[in-house]
Amino acid sequence: MDANHQIPLFSAVAANSGIDFSEPLRRVVNRHWYILGEEVKNFEREFANYVGAEHCISVANGSEALEIALLGMGVGPGDRVVTVANAGFYSSTAIHAVGAEPVYVDVDESTLTMCPKSLEKALAQPAKVVIVTHLYGQLADIETLAAISRSAGAVVLEDCAQSHGARSDNRLCGSFGDLACFSFYPTKNLGALGDGGAIVTSSSEIAARLLTLRQYGWSTKYHVTVPHGRNSRLDEMQAAILRVKLPLLDQWNEQRRSIASRYCAAFSQLPVKLPESLGDDFVAHLFVMRVENREAFTAYLKEYGVSTDVHYPVPDHWQTAYTPRETFNLPVTESACTRLVSLPCFPGLTDQQVDRVIEVVCAYFKQEI
């Protein structure tokens, strides 16, 4: 079997094929208003309506969305914030940035999202916020997790950076918590042509704080009345691009699920662990499966033209930049991190490319027998 041209893990060219960006960009240029103008205002309204929230506060990127959300909830030094350790350190970065302490809980073996039983144990001690990450496009058991968190007096913050459009019982990801954060990084299910992020909430009180925090802590121009303000604003061009792409999100998610479904059908008899769901609660931001001997597997796929990546190889509590104050028992997290592999799965991936990925993966396991 000869290697073909490398199949990418993601292609912006393919994902954005057929979209005319010239009109929205021309609209912004001709208006000569580049920050917090009509495009941002309209996108915030449209995205809030899509999610099913009352308010959307756009910001510069998804990481700052998490940080500003924590600040908006009054999180600061000494506060415990519960999160998972298998999601790339993004929530941990925000927690450390505001001076709080991350408390890591284990994940469910099937979904790799937050485990309710592990959360209950962590909330035996008070925590200010629980960050529920909908990882890889899989909606977590958010209603159970939110009930547990609220009964312990903790605010529920959804991290939806990888799960735009995931839904359960006609409610969308981002509408379950007290507030929710999104990233619009170019590879996301809803991606800009650069960085971008947003926080959504149905609380007018929270929204007012977030609006102030994203722009220096101003109550009015040059009047700083709220501490720890940031300069974090989505620009007009990115907002205009996102407005064009938002109406396409659901059909793109269907394309992602279709690819994931083909993989799952083809790999069902292989010695791998596949995604738990192919329903509306899964938008296949990444197709992540678990394999033994990952290094040999990924080397073989690379040799035969299939790109892979690992999301994510090092759990947060093992990162060396910080020393956790608490000791964490995370057996599922630690085991999964050694076996995870992401395969190409994005809108614009052709049927022939999907066939090729399937062919190469199956050939690897055939030669292993």
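Residues numbered from 1 in each chain as written. Predicted model: local features only at pLDDT ≥ 70, side-chain atom pairs only at ≥ 80, totals over all residues. Heavy atoms only, no water.

1. Quick look at the packing of aromatic side chains
And step 1. One pass over the full model with this rule turns up 18 aromatic pairs.
And step 2. Plain terms: the ring middles of Phe47 and Tyr50 are 6.4 Å apart, the flat faces sit at 20° to each other, and that makes the pair stacked. Here Phe47 and its partner Tyr50 are both found in helix α3 (residues 38-51), three residues apart, which amounts to about one turn of the helix. Grouping residues by exposure puts Phe47 and Tyr50 together as buried.
And step 3. Cluster of aromatic residues (ring-pair linked, three or more members): Phe43, Phe47, Tyr50, Phe182 and Phe184. (Phe/Tyr/Trp six-rings, centres within 6.5 Å; stacked < 30°, edge-to-face > 60°. Helix = DSSP H or I, 4+ residues; strand = E, 2+ residues; numbered from the N terminus. Buried < 20%, exposed > 50% of the residue type's maximum accessible area, 1.4 Å probe, protein only.)

2. Looking at the layout of surface pockets
And step 1. Of the pockets and cavities examined, the largest pocket occupies roughly 530 Å³.
And step 2. Considering the residues around the largest pocket, the lining is formed by 32 residues, among which Tyr90, Gln162, Tyr185, Lys188 and Tyr312 are closest to the centre.
And step 3. Elements that contribute at least two residues to the lining of the largest pocket include exactly α4 (62-72) and β8 (179-183).
And step 4. Residues belonging to the lining of the largest pocket are distributed by class as follows: 17 nonpolar, ten polar and five charged.
And step 5. Computed from the structure, the second largest pocket encloses a volume of approximately 270 Å³.
And step 6. Lining the second largest pocket we find 17 residues, and of these Tyr104, Ser118, Lys121, Ala122 and Asn329 sit closest to its centre.
And step 7. Those elements that place two or more of their residues in the lining of the second largest pocket are β3 (101-105) and α6 (116-122).
And step 8. Examining the composition of the lining of the second largest pocket, we find that four residues originate from one element, α6, more than from any other.
And step 9. Considering only residue class, the lining of the second largest pocket consists of eight nonpolar, four polar and five charged. (1 Å grid on protein atoms, 1.4 Å probe; cavity = no way out; pocket = protein on both sides within 12 Å on 5 of 7 lines; lining within 4 Å. Points joined across faces, edges and corners; volume = space filled by probe spheres on them. Nonpolar A, V, L, I, M, F, W, Y, C, P; charged D, E, K, R; others polar.)

3. Describing the pairing of strand β2 (residues 80-84)
Consecutive side chains along a regular strand alternate between the two faces of the sheet.
And step 1. When you tally the buried positions in β2, you get five out of five residues, the bulk of the element.
And step 2. Residues Arg80, Val82 and Val84 point to one face of β2 and Val81 and Thr83 to the other, with burial holding for every one of them.
And step 3. Relative to β3, β2 is paired through five bridges, and the arrangement is parallel. Across the sheet, Val81 pairs through a bridge with Pro102, a residue of β3.
And step 4. You can see the chain leave β2, run along helix α5 (residues 90-97) and come back into β3, and the turn it takes is right-handed.
And step 5. As paired strands, β2 and strand β4 (residues 129-133) are joined by two bridges and run parallel to one another. When the bridges of β4 are listed, Val82 appears paired with Val130. (Pairing = 2+ DSSP bridges. Right-handed = clockwise from strand over helix to strand, strands pointing away.)

4. Side note on α4
And step 1. Across the eleven residues of α4, nine count as buried, placing the element largely inside the fold.
And step 2. Listed as buried for α4 are Gly62, Ala65, Leu66, Glu67, Ile68, Ala69, Leu70, Leu71 and Gly72.
And step 3. Capping the start of α4 is the job of one residue whose side-chain oxygen sits 3.2 Å from the backbone nitrogen of Ser63: Asn61.
And step 4. Just downstream of α4, Gly74 is the residue with a positive phi angle, here 75°. (Polar contact = N/O pair within 3.5 Å; in protein donor to acceptor, adjacent residues only side chain to side chain.)

5. Here we look at the nonpolar core
And step 1. By size, the foremost hydrophobic cluster in this structure holds 62 residues, and its most contacted members are Phe47, Val82, Met114 and Phe184.
And step 2. The leading source of residues in this core is α3, at six residues.
And step 3. The next biggest cluster of nonpolar side chains, apart from the first, holds 32 residues, and it includes Leu270, Leu343, Val357 and Ala363. (Core = buried A, V, L, I, M, F, W, Y, C linked by side-chain atoms within 4.5 Å.)

6. Here we look at the environment of Cys173
And step 1. Secondary-structure assignment places Cys173 in the loop between β7 (171-172) and β8.
And step 2. Sequence spacing of Cys173 and Glu158 is 15 residues, and the spatial spacing of their C-alpha atoms is 8.0 Å.
And step 3. The contacts of Cys173, once residues within four sequence positions are left out, are Val51, His134, Leu139, Glu158, Cys160, Ser163, Ala166 and Phe182. (Contact = heavy atoms within 4.5 Å.)

7. Considerations on the side chain of Glu101
And step 1. Residue placement: Glu101 occurs in strand β3.
And step 2. With a relative accessible area of 18%, Glu101 lands in the buried category.
And step 3. Apart from residues no more than four positions distant in its own chain, Glu101 is found in contact with Asp79, Arg80, Val81, Ile95 and Arg325.

8. What to know about the packing of α4 against helix α8 (residues 204-213)
And step 1. Between α4 and α8, whose axes approach to 9 Å, the crossing angle comes to 125°. With respect to their mutual orientation, α4 and α8 come out oblique. In this structure, α4 crosses over α8, and the sense of that crossing is right-handed. Contacts from Ile68, Ala69, Leu71 and Gly72 of α4 reach α8 at Arg209, Leu210 and Leu213.
And step 2. Looking at side-chain class alone, the contact of α4 with α8 contains five nonpolar, one polar and one charged residues. (Axes fitted to C-alpha atoms, helices over the stretch in contact; angles between N-to-C directions. Parallel < 35°, antiparallel > 145°, perpendicular 65-115°, else oblique. Left-handed = near helix turned anticlockwise from the far one by under 90°.)

9. Digging into empty space enclosed by the protein
And step 1. Across all of its chains, the model carries two cavities of 30 Å³ or more by this definition.
And step 2. Its boundaries defined by the atoms lining it, the largest cavity holds a volume of some 150 Å³.
And step 3. Along the walls of the largest cavity sit 17 residues, with Thr111, Tyr136, Pro275, Glu276 and Val288 positioned nearest its centre.
And step 4. The element that contributes the greatest number of residues to the lining of the largest cavity is strand β12 (residues 287-290), accounting for three residues.
And step 5. Partitioning the lining of the largest cavity into residue classes produces ten nonpolar, four polar and three charged.
And step 6. In this structure, the second largest cavity spans a volume of roughly 70 Å³.
And step 7. Lining the second largest cavity are 13 residues, with Ala15, Lys188, Asn189, Lys245 and Trp252 sitting closest to its centre.

All quantities given are derived from atomic positions and should not be read as evidence of function.
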